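The primary structure of each chain is shown beneath.
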Amino acid sequence: MQIRIGYEMIFECPQPTPMILTLNVHFSRVSDMIRADHIVTRPSVPMTAYRDGFGNWCSRIVAPAGEISISTDALMMDNGLPDPIHADAMQHAVEELPAETLVYLLGSRYCETDRLSEIAWKLFSRTPPGWVRVQAICDYVHNHIEFGYQHARSTKTALEAYNERQGVCRDYTHLAIAFCRCMNIPARYCTGYLGDIGVPASPDPMDFSAWMEVYLGGHWHTFDPRNKIPRIGRILIAQGRDAADVAISNAFGPNVLKSFKVWTDEV
């Protein structure tokens, strides 16, 4: 299938403001692009790019004083299949894990493994290690947290989401990641596009989505504690330890986000 993806954000800045944008589709999906997701700014400003420590493609601009629109409109090819299930994927002993996965066992800005470890072991120590354990974590988080955009808070951590039992997809993901890491399973945060393809359309405004990948059986596998079921048309933008590593925009100065739109539509 073909999927049209894109966004438009309008910022207002009282003064020239440097920004870092993490908005391009991940390099692992570039070969699926039919129409590239070039970032367009109005007014036009110089832009430079770099790859961060997690392999994500980031762009740098200086937004002028006043309004600036940042947008793209791209077209992707997708296999149209739901997220794969590998129920026999086994958990690795920590000493056997590849070195590059170890950072995803550690606590991070939004995933306080030190404060959630005892809770995690009480909840999941009796589950079989591997895929079944990760699915049990996702099922628990899905049932534990009540979804609602009114519960969104940019500073909310995994522990706070656990205690408050309310949040949005990033909160589900942070809590599931923290629980996985507490159980010695490498888990990383993912952000990207996920439209209502193959499921009933949601009345809520479209937004970027969050999910996680866990390392089992020598491979990274997709899990989505918010949606719980395998989904079609997931398009990755960036990966990191948690949301702090994959923010779609970082502005180094005062600004107001006046408008925000995202689209992910099957063509």
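Note that the structure is a prediction, hence the values are computed from the model and not measured.

Right, let's talk about the overall build of the chain for a bit. Looking only at helices and strands, one finds 4 helices and 15 strands in the chain. The C-alpha radius of gyration of the chain comes to 19 Å, within 12% of the 18 Å expected for a compact globule of 267 residues. Reported as C-alpha extents along the three principal axes, the dimensions of the chain are approximately 55 × 40 × 40 Å. Burial statistics for the chain: of 267 residues in total, 49% are counted as buried. Across the chain, every contact between residues at least 6 apart in sequence was considered, and the portion connecting residues at least 24 apart equals 77%.

For the rest of this paragraph, the subject is the layout of surface pockets. In this structure, the largest pocket spans a volume of roughly 1200 Å³. In terms of lining, the largest pocket is formed by 38 residues, of which the most central are Tyr149, Cys169, Asp207, Phe208 and Ser209. Put simply, the parts of the chain that give the lining of the largest pocket at least two residues each are strand 1 (2-13), helix 4 (169-182), strand 10 (187-193), strand 11 (209-216) and strand 15 (256-266). In terms of residue class, the lining of the largest pocket is made up of 24 nonpolar, 6 polar and 8 charged. Counting residues per element, the ones that place at least two in the lining of the second largest pocket are strand 11 and strand 12 (219-223). Here the residues of the lining of the second largest pocket sort into 6 nonpolar, 6 polar and 6 charged.

This next bit is on the sheet that holds strand 5 (residues 48-51). One open sheet holds the 4 strands; their spatial order is 5-6-2-14, and the pairing between them is antiparallel. Each of the sheet's edge strands pairs with one partner strand only, and the pair in question is strand 5 and strand 14 (249-251). The mean angle between the axes of side-by-side strands here comes to 20°, regardless of whether they run parallel or antiparallel. For strand 5 and strand 6 (residues 57-63), the ladder comprises 4 bridges, and the chain directions are antiparallel. Following the sheet pairing, Tyr50 is matched in strand 6 by Cys58.

What follows covers the sheet that holds strand 13 (residues 235-240). Sheet architecture is open: 4 strands sit in the order 12-11-10-13, paired in antiparallel fashion. Of all the strands in the sheet, just strand 12 and strand 13 have a single pairing partner and so form its edges. Here the strands of the sheet are splayed against their neighbours by 35° on average, with no regard to which way each runs. Against the sheet, helix 4 engages strand 10 and strand 11, with an angle of about 15° to strand 11.

What follows is about helix 1 (residues 113-124). End to end, helix 1 covers just 14 Å across 12 residues, shorter than the expected 16 Å (1.5 Å per residue, more than 12% under). Of all the positions in helix 1, only Thr113, Leu116, Ala120 and Phe124 are classed as buried. Here the buried residues of helix 1 occupy an arc of 70° about the axis, which is enough to place them on one side. Of the residues in helix 1, the exposed ones pointing more than 90 degrees away from the buried face are Asp114, Arg115, Glu118 and Lys122.

Here we take up the packing of aromatic side chains. Under the definition given, this model contains 13 aromatic pairs. For the pair Phe54 and Tyr104, a centre-to-centre distance of 6.5 Å together with 45° between the ring planes defines the contact as tilted. With Phe54 in the loop between strand 5 and strand 6 and Tyr104 in the loop between strand 7 (66-77) and helix 1, this pair connects stretches of sequence that are 50 residues apart. You can call Tyr104 buried: its relative accessible area is 7%. With a centroid separation of 6.1 Å and 65° between ring planes, the pair formed by Tyr140 and Phe179 is classed as edge-to-face. Of this pair, Tyr140 sits in helix 2 (residues 131-144) while Phe179 sits in helix 4; the two residues are 39 residues apart in sequence, bridging distant segments of the chain. Grouped by ring-pair contacts, the aromatic residues Tyr7, Tyr193, Phe208 and Phe260 constitute a single cluster. If you follow Arg170 out to its NZ or CZ, it ends over the ring of Tyr110, 4.8 Å from the centre. Over the aromatic face of Tyr172 sits the side chain of Arg226, whose NZ or CZ is 5.9 Å from the ring centroid.

Conventions used here
Within every chain, residues take consecutive numbers counted from 1 along the sequence as written. In view of the model being predicted, local features appear only for residues whose pLDDT reaches at least 70, and side-chain atom pairs are presented and counted only at 80 or more, with totals across whole chains, interfaces and linings using the full set of residues. Values reported for side chains reflect all heavy atoms of the structure, with hydrogen atoms and water molecules removed beforehand. Counting from the N terminus, the helices are the DSSP runs of H or I reaching at least four residues and the strands are the DSSP runs of E reaching at least two. In this description the radius of gyration comes from C-alpha coordinates, and the expected globular size is given by 2.2 Å times residues to the power 0.38. We call a residue buried when its accessible area falls under 20% of the maximum for its residue type, exposed when it is over 50%, and partly exposed in between, using a 1.4 Å probe and counting protein chains only. Contacts are residue-level and defined by heavy atoms, with any inter-residue pair within 4.5 Å sufficient. In this analysis, the protein atoms alone were mapped onto a 1 Å grid. Cavities are point sets where a 1.4 Å probe fits without being able to get out; pockets are open sets with protein on both sides within 12 Å along at least five of seven lines; lining residues have an atom within 4 Å of a point. Grid points are joined across faces, edges and corners, and a volume is the space filled by probe spheres set on the points. Throughout this entry, Asp, Glu, Lys and Arg are counted as charged residues, while Ala, Val, Leu, Ile, Met, Phe, Trp, Tyr, Cys and Pro are counted as nonpolar. The remaining residues, Gly among them, count as polar. When DSSP locates at least two bridges between a pair of strands, those strands are taken to pair. Here an axis means a line fitted to C-alpha atoms, over the contact stretch when the element is a helix, while the angle between two N-to-C directions is reported on a 0 to 180 degree scale. Take the number of residues in a helix, subtract one, and multiply by 1.5 Å to get its expected span. Arc, as used here, means the arc of the directions from the helix axis to the C-beta atoms. Pairs were defined over the aromatic rings of Phe, Tyr and Trp, the Trp ring being its six-membered one, requiring ring centres within 6.5 Å. Orientation was assigned from the angle between planes: stacked under 30 degrees, edge-to-face over 60, tilted for the rest. We call a charge positioned above a ring when the Lys NZ or Arg CZ atom is no farther than 6 Å from the ring centre and deviates by at most 35 degrees from the ring normal.

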